[in-house]
Amino acid sequence: MKISIPLFSVFLAALLAGCSPKDDTEKKIDGLLGKMTLHEKVGQMNQLSGGEWLVESAAKGEVGSILNCVDPKEINAVQRAAVEDSRLGIPILVSRDVIHGFRTMFPLPIGQAATFDPELVRKGAAIAAREAVSSGVKLTFSPMLDIARDPRWGRVAEGSGEDPYLDAIMGEAMVKGYKEGGLASCVKHFVGYGAAEGGRDYNSTLLTERALRNVYFPAFKKAINAGAETLMTSFNDNDGIPSTGNKWLLTDILRDEWGFDGMVVTDWNSSGEMIAHGFASDLKHATEISVNAGVDMDMMSYGFISFIEELVKEGKIKESRIDDAVRNILRLKFRLGLFDNPYVDETAVDAYAPDALEAAKQTALESAILLKNDGVLPLKKGRTILVTGPLADAPYEQMGTWAFDGEADHTVTPLDALKDKFNVIYEPGLSYSRDNSTAGILKARAASSRAEAIVVFVGEEAILSGEAHSLSSLNLQGAQSELISAMASTGKPVAVVVMAGRPLTIERDLENCGAMLYSFHPGTMGGEALAELLCGEAVPSGKTPMTFLRTAGQAPMYYNHNNTGRPNTGTETLLEDIPIAAGQTSLGCTSYYLDSGYGPLFPFGYGLSYSSFEYSNLTLDKSKYSAGDTIMVGFDLENTGEYDATEVAQLYVRDLVGSVARPVKELKRFGRITLKAGETKHVTFELPVSELAFWNADMEFTVEAGEFQLWVAGNSAEGEALSFNVI
Ligand code: NOJ
């Protein structure tokens, strides 16, 4: 039996919207639109990057939005030209990539996701918004909601990782935070961009409608429901259709099904790039396709401003489509209050306020993931430690990718911060992450004789992750692994801190240290946060938002995959154990790699603490549920260790039999639970049965009746399953 959750509410909303009297904003838009020439309308659809010619273009009404200009004086000059010198005085929309902070850099979005703390992420976004708005920015191209299951793809740094639920929760938090700070958001990249073939940026994807609906759409839908004002198309083609020219995506789904009334902007020249895709013959053709697909604003292809008027005259684009696009743009400008106050106060720039630094530090604290600890951490304060590694004192690198407006001289590095807590001997070992020289390693080794313990800061320079920065090997670059093993050979306790933009393959490095703390580039306050964690003033609580691989060859690997017909048994024979001249079927024929086995290095949701936790008494309020019910999941969580600490408890489910195969586990709830040493708390998660719905074989969004399993645990690989039924 199927319990359908009808799309009725969507139709009803659309129907009501159609019948309701126009609100004031819509009337104002109508009024303005009525006065605009086609040239002026097209001008609104043009988004240009900063430059001196902007003032002139703005005065002619040929620019609707700018990006990459953050100087309040320059912004006001362009704005003045648009408002005071152009015929209709329509203000400019100023946009910028404010991705993980503006001046105060917060940890990378992937690090923010590792906090599993949406409230803190919301707060961080509100602070980033406040700083950006004070410089005149009104729209950020964030949050990036691309599901990322392949760490070779450099842009995993910019999103919330591999899980649709976590992605949606974090995206919603960011949208709310930006809104609070007066900044409009742009959900991107619509859609599937993170599934790029081979992890090579910009590459093709082959995602079915069901995969899009079950995995890639939910975060966009949630962010739009939370009030995201704009959406950016993605660079990739899916099944041969570039997103920027995909009418099904941009009109049928986004407008007709979801009722989005915001603005759709291309990615940088993604309209023009449809020529290279082999989808458009020239820029005029690309423009025709993009606009007819449902794009409202062109970022930097110059195609709209050059060809729309001609295309309308030729009947290839209807003027009504242009009117709709301009409506979407003007609506945003009205909603942002730009018509009332287009200017920014040049004397009120807000940066690095104490609450911003505090929130950035808290986020860095909560985002660090303890991957291993043989008792090396925390280090006792006041000891003599050797600090080494290319990331120990790299203020620019620790800000991470998209730190356009962050300033390295405001960054506190671990070296700075550790000096307040330890007697520090500093010997960098390597001067940057790709450094292959060995002279420095010898010096560091020599210096270690004076130290009681060693902390090695390794990872990636900021340039190694982010847009266009894909890698085919995910091992530490340069001689960083050699530096770690040289330190291990001293026999002193070694703690490794990794600061990177992606989950690297660090298996061999783990063997050479007693403890490893993984911190995705932690931003301005990363040094202070890491120092507090290393000395035990704070206790790690971050969890992996992506699966950590043993080798890059395992990618893509993610916890919420479907089962094969031949799941692994845990007894697979690995390469070194295969007998000579083994028979073809003698290894058992299950799904695994002969060299790296079946599983990852660390599963999704994994992270240790200086304390330890025990889950017990998992109960459900019933064993059978109907469609409208809410499942009450209760459990006890005990802090069995010696530190007051926070655990991220995670609830997973599996739908055992479906009309299409369902993932082996899916995250449905999580919570950060803080317990004093020895304390036990009873915790309840509420899960409405409706949240078990998925797009089934008939492409209906439905909860299918049948048996489910449910786990509550500290990561996606642990926990005892309970069963329940949906009837
Ligand atoms: C290209 C990137 O893909 C996108 O995420 C970004 O917002 C734009 N450039 C603007 O910088």
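Just so you know, these numbers come straight off a predicted model, no measurement behind them.

1. Concerning the overall build of the protein chain
A tally of helices and strands in the protein chain yields 21 helices and 27 strands. For 727 residues, the compact-globule formula gives about 27 Å, and the C-alpha radius of gyration of the protein chain, at 27 Å, lands near that figure. With the C-alpha coordinates of the protein chain rotated into their principal frame, the extents come out at 75 × 65 × 55 Å. Within the protein chain, buried positions represent 60% of all 727 residues. Accessible area of the protein chain: about 26800 Å², with a carbon and sulfur share of 50%. Charged side chains in the protein chain number 65 positive and 97 negative. The centres of these two groups are separated by 2 Å.

2. Let's talk about empty space enclosed by the protein
All told, the structure shown has two cavities of 30 Å³ or more when counted by the stated rule. By volume, the largest cavity amounts to about 60 Å³. Considering the residues around the largest cavity, the lining is formed by Ile 99, His 100, Gly 101, Phe 106, Gln 112, Val 121, Gly 124, Ala 125, Ala 128, Met 174 and Tyr 178. Elements with a minimum of two residues in the lining of the largest cavity: α7 (118–134) and α8 (164–180). Broken down by element, the residue count for the lining of the largest cavity peaks at four residues, all from α7. Looking at the lining of the largest cavity residue by residue, the classes come out as seven nonpolar, four polar and no charged. Together, Val 653, Arg 654, Asp 655, Arg 662, Glu 666, Lys 668, Leu 692 and Phe 708 line the second largest cavity. Only β21 (645–655) and β22 (666–675) provide two or more residues apiece to the lining of the second largest cavity. A per-element tally of the lining of the second largest cavity places β21 first, with three residues. Looking at the lining of the second largest cavity, its residues break down into three nonpolar, no polar and five charged.

3. A few points about the site of the ligand
Taken together, 13 residues are adjacent to the ligand, and Asp 97, Arg 155, Lys 188, His 189 and Asp 267 come closest. In the environment of the ligand, an oxygen atom lies 2.5 Å from a nitrogen or oxygen atom belonging to the side chain of Asp 267.

4. Details of the pairing of strand β27 (residues 722–726)
On a regular strand, each side chain points to the face opposite its neighbour's, so the side chains alternate between the two faces of the sheet. In this sheet, β27 lies alongside strand β19 (residues 624–625) in parallel orientation, the contact comprising two bridges. Each residue of the ladder has a partner; that of Lys 624, found in β27, is Asn 725. Taken together, the five bridges between strand β26 (residues 706–713) and β27 define a ladder with antiparallel strand orientation. In the strand pairing of β27, Phe 708 is matched with Phe 724.

5. Re a negative patch on the surface
On the surface, Glu 52, Asp 71, Glu 74, Asp 345 and Glu 346 cluster together into a negatively charged patch. On the basis of relative accessible area, Glu 346 is assigned to the partly exposed category, the value being 32%.

6. Brief notes about the sheet that holds strand β16 (residues 494–500)
An order of β12-β17-β16-β15-β13-β14 is seen for the six strands of this open sheet, with the pairing classed as mixed. Of all the strands in the sheet, just β12 (369–373) and β14 (423–426) have a single pairing partner and so form its edges. Strand-to-strand, the axes of this sheet are offset by a mean angle of 20°, without reference to chain direction. Contacting β13 (384–388), β15 (453–459) and β16, helix α19 (residues 480–488) runs over the sheet at an angle of about 170° to β15.

7. A short note on the packing of aromatic side chains
One pass over the full model with this rule turns up 26 aromatic pairs. Judged by centre distance (4.0 Å) and plane angle (15°), the rings of Phe 334 and Phe 339 are stacked. Given the relative accessible area of 17%, Phe 334 is considered buried. When its relative accessible area of 26% is taken as the criterion, Phe 339 is described as partly exposed. Taken together, the ring pairs connect Phe 116, Tyr 165, Tyr 559, Phe 604, Tyr 652 and Phe 670 into an aromatic cluster. Positioned over the ring face of Tyr 558 is Arg 149, at 3.7 Å from the centre of the ring.

Scoring rules and cut-offs
Numbering of residues begins from 1 in every chain and follows the order in which that chain's sequence is written. Only residues with pLDDT of 70 or above have their local features reported here, since the model is predicted, and side-chain atom pairs are shown and tallied only from 80 upward, although totals for entire chains, interfaces and linings are computed over all residues. Processing note: side-chain calculations cover all non-hydrogen atoms of the structure and skip hydrogens and water entirely. Here a strand is any run of E in DSSP of at least two residues, a helix any run of H or I of at least four, and the numbering for each starts at the N terminus. Our radius of gyration looks at C-alpha atoms and nothing else; its globule reference is 2.2 Å times the residue count to the power 0.38. Summary of the burial criterion: residues with accessible area below 20% of their type's maximum are buried, those above 50% are exposed, and those between are partly exposed, where the area comes from a 1.4 Å probe applied to protein chains only. For accessible areas, the Shrake-Rupley method is used with a probe of radius 1.4 Å. Any residue's cover is judged against the shown protein chains and nothing else. Think of it this way: Lys and Arg go in the positive column, Asp and Glu in the negative one, and His and the chain ends go nowhere. To locate a charge, take NZ of a lysine, CZ of an arginine, CG of an aspartate or CD of a glutamate. Method remark: on a 1 Å grid restricted to protein atoms, a set of points is classed as a cavity if a 1.4 Å probe fits but cannot get out and as a pocket if it is open with protein on both sides within 12 Å along at least five of seven lines; lining residues have an atom within 4 Å of a point. Grid points are joined across faces, edges and corners, and a volume is the space filled by probe spheres set on the points. Note on residue categories: nonpolar means Ala, Val, Leu, Ile, Met, Phe, Trp, Tyr, Cys or Pro, charged means Asp, Glu, Lys or Arg, and polar means any other residue, Gly included. Here a residue is near a molecule or strand as soon as one of its heavy atoms is found within 4 Å of it. Counted as a polar contact is a pair of N or O atoms within 3.5 Å, where, for protein atoms, one must be capable of donating a hydrogen and the other of accepting one, and residues adjacent in sequence contribute only when both atoms are in side chains. Any two strands are treated as partners once DSSP identifies two or more bridges connecting them. Surface patches are drawn from residues lacking salt bridges whose relative accessible area is over 30%; two like charges belong together within 9 Å, two nonpolar side chains (Val, Leu, Ile, Met, Phe, Trp, Tyr) within 5 Å. By convention in these notes, a salt bridge is any Lys or Arg side-chain nitrogen within 4 Å of a carboxyl oxygen on Asp or Glu. To obtain an axis, a line is fitted to C-alpha atoms, over the contacting stretch when the element is a helix, and the angle between two such axes runs from 0 to 180 degrees between their N-to-C directions. The criterion used for residue contact is that any of the two residues' heavy atoms lie within 4.5 Å. Pairs were defined over the aromatic rings of Phe, Tyr and Trp, the Trp ring being its six-membered one, requiring ring centres within 6.5 Å. Orientation was assigned from the angle between planes: stacked under 30 degrees, edge-to-face over 60, tilted for the rest. Placement of a charge over a ring requires the Lys NZ or Arg CZ to be within 6 Å of the ring centre, with the centre-to-atom vector within 35 degrees of the ring normal.

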